[in-house]
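Tertiary structure, described
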Amino acid sequence: MVSVNPVTTTGVYSNQLNKTEQDKTKSLNQVASGKSINKASDNASGLAIAMQLLSDVSTLKQSSTNLLQGSSLLQTTDSSLEQTGNILNRMKELSTQAQSGSLDSNSRSAVNDEYQNLKSELDKLSDSTSFNGQKLTNGTYNNDFQAGTSASDAINVDLTAVDSSAAGLGLTAGAGASATALSTPTSAQAATAELDTAINKLSSYRAEVGALQSEVSTRTQGIDQDIESNLSAQSAIMDADIGKAMSEFKNSNLINDVALAAAGQGNKMASSMLKL
């Protein structure tokens, strides 16, 4: 006697249809979204890696912004020091002029007056140079700039050694910072010596700021490269291969049609056998 189990036959075709339908849905979602992973079950480990990469990219982008602000801060500092250098050069010129025996008392007084005004400008410039409310050239600035994904990835911008005031540059009350600094050739000579020291000190300030600018620039370039690399890695995991997804969709669709046809044929055969 022939035994026919239509339930078993139908179950096999039903399972196949369910699987191909799931494959079709997955491929269609990939084409529609442009992503190969649309839910955790698609690729749990891949999704975890991609999410971490995306988090790193967000942090790195903010770090890049931090360093851009740091670069602007250092440029502001250097511009101020450049102006300080111009003032010191003029003061040195005046102190040299004051050592000329051709000056009468009125001329010497006029030279000293200009010198005193410039000395005041040194202090004003030192105290007024700031970035976002933070003073930069009075020996008080010291802050970190986060420059990476780890808490330890920071650049310390320490400008506590940079004091461009008259006192910070080494001008003393007994010579270069005296109210009568250029009143006599002798006092002018003493002021000149201190101005030479101040100019050298200013050069060291600018060298220090320049080194920090170079460090910030180098780190910024590295971060930008890291962002590009992480985005590329994240894209390789998350972005769908549209051509492949469409091919898989068509393949699943074909298998689905075959399974439906086979299921129908199987049911007809089962029905025919039962009539025998």
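Anyway, here's the lowdown on the structure attached to this text. All values reported here derive from a predicted model rather than from experimental measurement. (Residues numbered from 1 in each chain as written. Predicted model: local features only at pLDDT ≥ 70, side-chain atom pairs only at ≥ 80, totals over all residues. Heavy atoms only, no water.)

**A few points about the side chain of asparagine 66**
For the record, the criterion: We count a stretch as a helix when DSSP gives it H or I for four or more residues in a row; a strand needs E for two or more, and each element gets its number in order from the N terminus. Here the term buried applies to any residue with accessible area under 20% of the maximum for its type, exposed to any over 50%, and partly exposed to those in between, with areas from a 1.4 Å probe on protein chains only. Polar contact criterion, stated in full: a pair of N or O atoms within 3.5 Å, where within protein one must be able to donate a hydrogen and the other to accept it, and residues adjacent in sequence count only if both atoms are side-chain atoms.
Mapped onto the elements, asparagine 66 comes out in helix α2 (residues 44–97). For asparagine 66, a relative accessible area of 16% puts it in the buried group. For asparagine 66, the side chain forms a polar contact with the main-chain oxygen of glutamine 146, separated by 3.3 Å.

**Quick word on the packing of α2 against helix α3 (residues 105–128)**
Rules: Interaxial angle, 0 to 180 degrees, is taken between N-to-C directions of lines fitted to C-alpha atoms, where a helix line uses only the stretch in contact. Any angle that is under 35 degrees is reported as roughly parallel, and any over 145 degrees as roughly antiparallel; angles of 65 to 115 degrees are reported as roughly perpendicular and all others as oblique. For any helix crossing, the convention is left-handed if the near helix is rotated counterclockwise from the far helix by under a right angle, and right-handed if that rotation is clockwise. It only takes one pair of heavy atoms within 4.5 Å for two residues to be counted as in contact.
Running from amino to carboxyl end, α2 crosses α3 at an angle of 160 degrees, the nearest separation of the two axes being 10 Å. It follows from the interaxial angle that α2 and α3 lie roughly antiparallel. Judged by the sense of rotation from one axis to the other, the crossing of α2 with α3 is left-handed. In this structure, α2 uses Ser80, Gln83, Thr84, Ile87, Leu88, Arg90, Met91, Leu94 and Gln97 to contact α3, whose residues at the interface are Val111, Glu114, Tyr115, Leu118, Lys119, Glu121, Leu122 and Leu125.

**Description of the nonpolar core**
Note the threshold: The definition of a nonpolar core used throughout is a set of buried Ala, Val, Leu, Ile, Met, Phe, Trp, Tyr and Cys residues joined through side-chain atoms within 4.5 Å.
The biggest cluster of nonpolar side chains holds 41 residues, and the ones touching the most others in it are Met91, Val157 and Leu182. Residue assignment for this core shows that the elements contributing at least two residues are α2, α3, β4 (154–158) and α4 (185–238). The element contributing the most residues to this core is α4, with 11 residues. Residues within four places of leucine 182 in sequence aside, it is in contact with Leu94, Ser95, Ala98, Arg108, Val111, Asn112, Tyr115, Ser187, Ala188 and Ala191.

**What to know about the pattern of salt bridges**
Stated precisely, the cut-off is as follows: What counts as a salt bridge is simple: a side-chain nitrogen of Lys or Arg found within 4 Å of a carboxyl oxygen of Asp or Glu.
Inspection of the entire model under this criterion finds 6 salt bridges. Between arginine 90 and glutamate 114 there is a salt bridge whose closest N-O contact spans 2.8 Å. Remark: glutamate 114 occurs in helix α3 and arginine 90 occurs in helix α2; sequence separation between them is 24 residues. Residue arginine 90 is classed as partly exposed on the basis of its relative accessible area, which comes to 27%.

Note that every value here comes from positions in space, so none of it alone points to a role or purpose.
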